Amino acid sequence: MGPDVPLLNEYKQEFFWKRFPQTVLGGPRFKLGYCAPPYVYVNQAVLFLTPWLFGGIGTLLCQLQLLQELHAAVLSGMLMFTAAAGVQALAFYAARKSGTVERLGAPNILVDEEEVEFTNCVSPETLRFIAPGKRFGLNVVLHTIISGVLCGFGTWYVFLGRLTSLYGSIGVSLVVFVLSWVTLCIAEYSLIVNTATETATFQAQDTYEITPLTRPLYIFIFIAVDLADRFSNPVPELQLACQTLHVLFLFLPLLWALGALPPLDALLFWGMEQILVFGMGGSPMSSNVRLLLMFAVSTGITVCNYFIPSALGVVLFSVTTGFLLSLDLSQVGSLSKSPREIALYVTLLLVATAEAGLLHQFFGSTQSQNLVSGHQSHVSYLLLILFFLCWALREMQGAYVCGGMFLNPLYPKGTSNVQTFKEKNRGLYLAAAIRRALLYFVSPFAMIAFLSMDKSLLSLHTVSISVGLTRAFRVWQSSEDALLQMVVVVLGRLAAGGHLLPGWDSLGTGVQLLLVGLLIDRLSQFLAKLKFTLTVLVTSWTEKKQRRQSAGTLLALNTSLWPLVLAVVTLSALLSAPLLPLFTLPIFLVGFPRPQRSWPGPVGTACPCPDSIFYQQMSGSLASALRTAFSRGSLGSLAPGSHFLGRFQDRMVWIMILERGYGYCTVNIKGLELQETSCHTVEARRVDEVFEAAFERPERLGFTQGFNLHWGNALTPCAALAVRAYSDARNVLSGIIDSHENLRKLQDDFMKALIWLLLRYCVQKHRGFLWRGEEVSASGGTKSQSSQFAQTTCNQPFEAVVVESNLSSFRFRQESSSGTSFGDWSDEDDLFGPQPPRRTVALVTAEAQPGHSALQIGASLPGSVEMDSLFENMALSALQPLQPLGLSIGMPAVDKSRNTEVLKESSHLNFSCPQSEIFSLPSGWRTAPLLPSRLLSLRPLFPEEWFRFTLGRFGLAVQEETSADMTKALKEDEVLKELHAKVALSCLILVGAESAFTSPSYIYRLYCGDVPWTEGLDWLSSRKELYQLTLQAFRFSFKLLFDQASLGPMESPEELFSTLEEYERDWYIGLVTEKGWHDGVLQEKPFLFSLGHDLTMGTYTGRVLSLQEQLIQVGRLNGEGVRGQWANLSWELLYATNDDEERYSIQAHPFMLRNLTVQAADPPLGYPIYSSAPLHFPCL
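As the structure is a prediction and not an experimental result, all values here were calculated from the model.

A. Main features of the pairing of strand 10 (residues 1087-1094). Within strand 10, 6 of the 8 residues are buried, leaving the element largely enclosed by the surrounding structure. The pairing of strand 9 (residues 1067-1070) with strand 10 spans 4 bridges and is classified as parallel. Residue pairing in the sheet places Trp1067 in a bridge with Phe1087 of strand 10. In this view, the connection linking strand 9 to its parallel neighbour strand 10 by way of helix 41 (residues 1075-1082) has right-handed handedness.

B. Summary view of the pattern of salt bridges. Taken as a whole and assessed by the stated rule, the structure comprises 35 salt bridges. Taking the shortest distance from any N to any O, the salt bridge between Arg230 and Asp226 comes out at 2.7 Å. Here Arg230 and its partner Asp226 are both found in helix 8 (residues 214-230), 4 residues apart, which amounts to about one turn of the helix. Take Arg230: its relative accessible area is 22%, and that puts it in the partly exposed class. Accessibility expressed as a relative area gives 2% for Asp226, which makes it buried. Across the salt bridge formed by Glu1120 and Lys529, the nearest N and O atoms sit 2.6 Å from each other. Separated by 591 residues along the polypeptide, Glu1120 in helix 42 (residues 1119-1134) and Lys529 in helix 22 (residues 509-542) bring together distant segments of the chain. Residue Lys529 is classed as buried on the basis of its relative accessible area, which comes to 0%. Because the salt bridges share partners, they merge into one network encompassing Arg939, Glu944, Glu945, Arg948, Glu974, Lys977 and Glu978.

C. Inspection of the packing of helix 12 (residues 288-307) against helix 19 (residues 463-472) at higher detail. Look at helix 12 against helix 19: their axes get within 9 Å of each other, and the N-to-C directions meet at 125°. Our classification of the angle between helix 12 and helix 19 gives oblique. The handedness of the crossing between helix 12 and helix 19 comes out as right-handed. Mapping the contact onto sequence places Ile301, Thr302, Asn305 and Tyr306 in helix 12 and Val463, Ser466, Val467 and Thr470 in helix 19. Partitioning the contact of helix 12 with helix 19 into residue classes produces 4 nonpolar, 4 polar and no charged.

D. Up close: helix 7 (residues 170-192). For helix 7, spanning 23 residues, the distance from its first C-alpha to its last is 32 Å, which sits close to the expected 33 Å at 1.5 Å a residue. Looking at where helix 7 begins, the residue whose side-chain oxygen comes 3.5 Å from the main-chain nitrogen of Val172 is Ser169.

E. Spatial organisation of the packing of aromatic side chains. Scanning the model with the defined rule gives 44 aromatic pairs in all. On the numbers, 5.0 Å between centres and 35° between planes, the contact of Tyr761 with Trp925 is tilted. With Tyr761 in helix 27 (residues 740-766) and Trp925 in the loop between helix 32 (896-903) and helix 33 (932-937), this pair connects stretches of sequence that are 164 residues apart. Considering the side-chain rings of Tyr1068 and Trp1077, the 6.4 Å spacing of their centres and the 80° angle between planes classify their relative orientation as edge-to-face.

F. Main features of the environment of Leu191. Tracing the backbone shows Leu191 in helix 7. Beyond its immediate sequence surroundings of up to four residues, Leu191 is in contact with Lys134, His143, Ile146, Ser147, Pro212, Leu213 and Pro216.

The rules we used
Position labels on residues start from 1 in each chain and follow its written sequence. Whole-chain, interface and lining totals are the exception, using all residues; otherwise, since this is a predicted model, local features are given only for residues with pLDDT of at least 70 and side-chain atom pairs are given and counted only at 80 or more. Note that water and hydrogens are dropped before the side-chain values are worked out from all heavy atoms of the structure. Here the term buried applies to any residue with accessible area under 20% of the maximum for its type, exposed to any over 50%, and partly exposed to those in between, with areas from a 1.4 Å probe on protein chains only. Going along the chain from the N terminus, every DSSP run of H or I of four or more residues is numbered as a helix, and every run of E of two or more is numbered as a strand. Pairing between strands is defined by DSSP: at least two bridges between them are needed. We call a crossover right-handed when, viewed with the strands running away from us, the connection from the first strand over the helix to the second turns clockwise. For this document, the term salt bridge refers to a Lys or Arg side-chain nitrogen within 4 Å of an Asp or Glu carboxyl oxygen. Fitted lines through C-alpha atoms serve as axes, helices being fitted only where they are in contact, and the angles separating the N-to-C directions of these axes extend from 0 to 180 degrees. Note that the term roughly parallel is reserved for angles under 35 degrees, roughly antiparallel for angles over 145, roughly perpendicular for angles of 65 to 115, and oblique for everything else. Crossings are classed by handedness, with left-handed meaning an anticlockwise turn of the near helix from the far one by less than a right angle and right-handed meaning a clockwise turn. When checking whether two residues touch, look at their non-hydrogen atoms; a contact exists if any pair is within 4.5 Å. Only Asp, Glu, Lys and Arg are considered charged, only Ala, Val, Leu, Ile, Met, Phe, Trp, Tyr, Cys and Pro nonpolar, and every remaining residue, Gly among them, polar. In this analysis, the expected span of each helix is defined as 1.5 Å times one less than the number of residues it contains. Nitrogen and oxygen atoms within 3.5 Å of one another constitute a polar contact, given that in protein one can donate a hydrogen and the other can accept it, and given that sequence-neighbouring residues count only through two side-chain atoms. What counts as a ring pair is set by centres within 6.5 Å for rings of Phe, Tyr and Trp (its six-membered ring), and what kind of pair is set by the plane angle: stacked under 30 degrees, edge-to-face over 60, tilted for all other angles.

Right under this line is the structure:
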């Protein structure tokens, strides 16, 4: 797609320009897109101006001095309450009336869904269009009461007398009065008549009708400040705030329209998160419930600190609670299983409490007022040393230094082998261990010592000092950030020398640390947002594929209005709100503040697909690698809200830090699609280039070559992590599967594999791995034990899901045909006569199972094609013709009575060796409907030498005492040999393999389990264990063909035996679509093999998955760039409903990684194929 793809298609443009005026005005729909009677617009205008009318009555009576201000405000509120109740009553009446009216005639489905047929000005349709009403009765009462209160307080807020006292000018007061009532009318209409769709949308659905309360809430906040000024002693700052807010009150409609003010739920969680982090020293939490609980507990501890009378008690209580709240208390259950960790935490707590109490008791009261000298100054210098040591040791752990600008010469490069990489990293591991000890076990005690001797403890019982000290003593939550904040305070004191700074020093150390932490956070956000702004602005012109026709104009506007752009960036940083690039163009707005997680729903929702299992398998190993990287500092400074991107082969892993505390971290791991779109491929290629520049350069580089050429990219490489994951290799089998020489060996390998599996089956049965009663099942009993057999074998054979899937399609057709008769659709004058149904393994199996004998297939629609196999997408010319079952045309006649006589034999066999009973096969497997002459003709195909060799190997496994004579007698038992020969040759015939394999399509079909029909197929399919062993043997034989064609032939029976053992133990050989493949990946089978068919190329492919330790390259993303793009995505999809798959804002952007960022968003806006639940893991 080109850069000039429309931002909104024509339909969405029309929809947007109908919705946006409604949002600006609070709900009135004056732009409908179709003709409507004038009374529809007049009624909406009257309802919109009703609050102004009632407020004007109160204001007029007050100005005429007929009523006092309070009484006039109450009168206006009562009038508005009455009007709101009337509107709700009319809405209820219209809903009841519309529910009883029966519309004549069928509705026209081609008419726009928003078009309404108006009959008169008070018809139910008109009333429901203007005032849809509330869904819940409680909201009817609540919103009606709030509308009256809002009108009353609003009238009081904008009295002309009050405005004149604030501004001292009648003219200014009149302007403010008129425009203020526009704001009030917008809020009232949205609350009581019809709620507009807000541009600031946090939830995809407003289930509980919270949106109507958003605009009145902000008006109440303004009114609360005004009431505080009215009923308090004159405070110049408060009066200035009132003057400012009265002017800002006029611009509320603009802020609502731009979506700068958050909805109630986002405001609540954002406010609690900001207070918890900066006011109480906590961390953003991984869920809303955890946030509520932690906020409540932290608030309670702060209040308790305020009422503790003694300074020593405050110190001990703050140290204890600060340590406990910094731990992951939700994992107490798992922590109780590790006594060493419990002992470590208890020891740390006791030492910290003793240190704080002793230092405060002996040095706290004697602390000098001179901040440069005294005992605290010695600790200050120690803090400086610790900070610079920890910073230097952390910098050398990553691939880049100095904020990602220069390559780290100490970091190993050009290494793909995991062991070599670990060897080169040993020096860095030592440095990381030193840093970890200093940061987690030395720095917290040094900071506690600094705080315990602080002079601010001498002046307790003030709110600011209690809050500041409670926060300051929570040094364990994020030791690195706390150390940085304390070092900044210490440097400020050292810079001031022995001089006191009255405004600063009077705040106390706790409040100073709070302000420094807030300043550092906002400054880092400002720099990240500024980098994101420059990236969007510059690349809109330098990247040809991003250069739209308006790029030059937008670039000129941003350049000429740079102070305004800088103000927008600054404001978004101060509010900790995302910087929203509209449609990802250089048009920057301040998005509404929201929690760091950006999304309201629970963590862990995804859009799963078959490839999701690869991310699910590697998530545990990746979490373990992340734990090590976090503790070493390889990924830099960790803060909740940080985003990382991992790359391995065709897989993309998105990692988000949700929560951080002492010794633990909570992350969310997402898996992105495997390069299925062109946009994804373009950005994946750029990600590879960025990682190659960091990890695959030579060891020694000059200064200019060591500069990060991709510094402007959103991705900054950090480290390579060793993770156990599957390596995916795909090979085209041309020259292997179609080679006549290879195909001639396949029959012999099939017989050997089948004999090996039959003997292994007997060994497992003897050892009790199989259920008792196999004889009954194998002889045609009513209950099969295939599921138990599949569970006991390490390599599951042919999956029953193939049969079940086909069978379910038959059942569906049977049910659908029973509800609707398709007899009329059948063609009576078929030119080719009645066509017999195709008989596949699925159908034969279904008929053989009890309860499905009467299964019927309904008639199909004329012209439709029914295919009930795994080869629906395969070209019909590639399939061999199958013999129809049920027709005797062209088929040899079978004398069933003679077959019955032939198959009669004794169930008891006279073995010459007692051990032969162990290797005896079920009697039901000996009754194949085949003539003895046919089996005798194929007797040379039975490999006797291989049978004796395999029997000898398995015989040693089942004998309690090894005996050479017993093994020899076992090999010479002719009855046992003939038994296995008969069963093996019967299976060979029944799968149609009595002649050499010649067709690749036949091999593929047999591998997939779509066995062509033979006269004994129903007998074989009814013996589930034997049927599965046969198919598993064929898959083993094909894998042998594949390996021998690649690596050379097997040179001895011992090598073949060990190879089959390896297949059974370490391999899953099957199909990608089978459940066994899914389970094999999750169970971390060392190897998986699958045979596939590329219909477009007409080739057969082999796919091999190998589980091994691989290096996954991980880089840090610009968190503010991610939040900004997600904010635009939320606005674009939830408000503008721009879900076009080819929209501009989802196109590939090599610098912003726009397509990958959209994918990583939580559903329903994004579409990650895997998303883990919050993963809590220790990182000490």
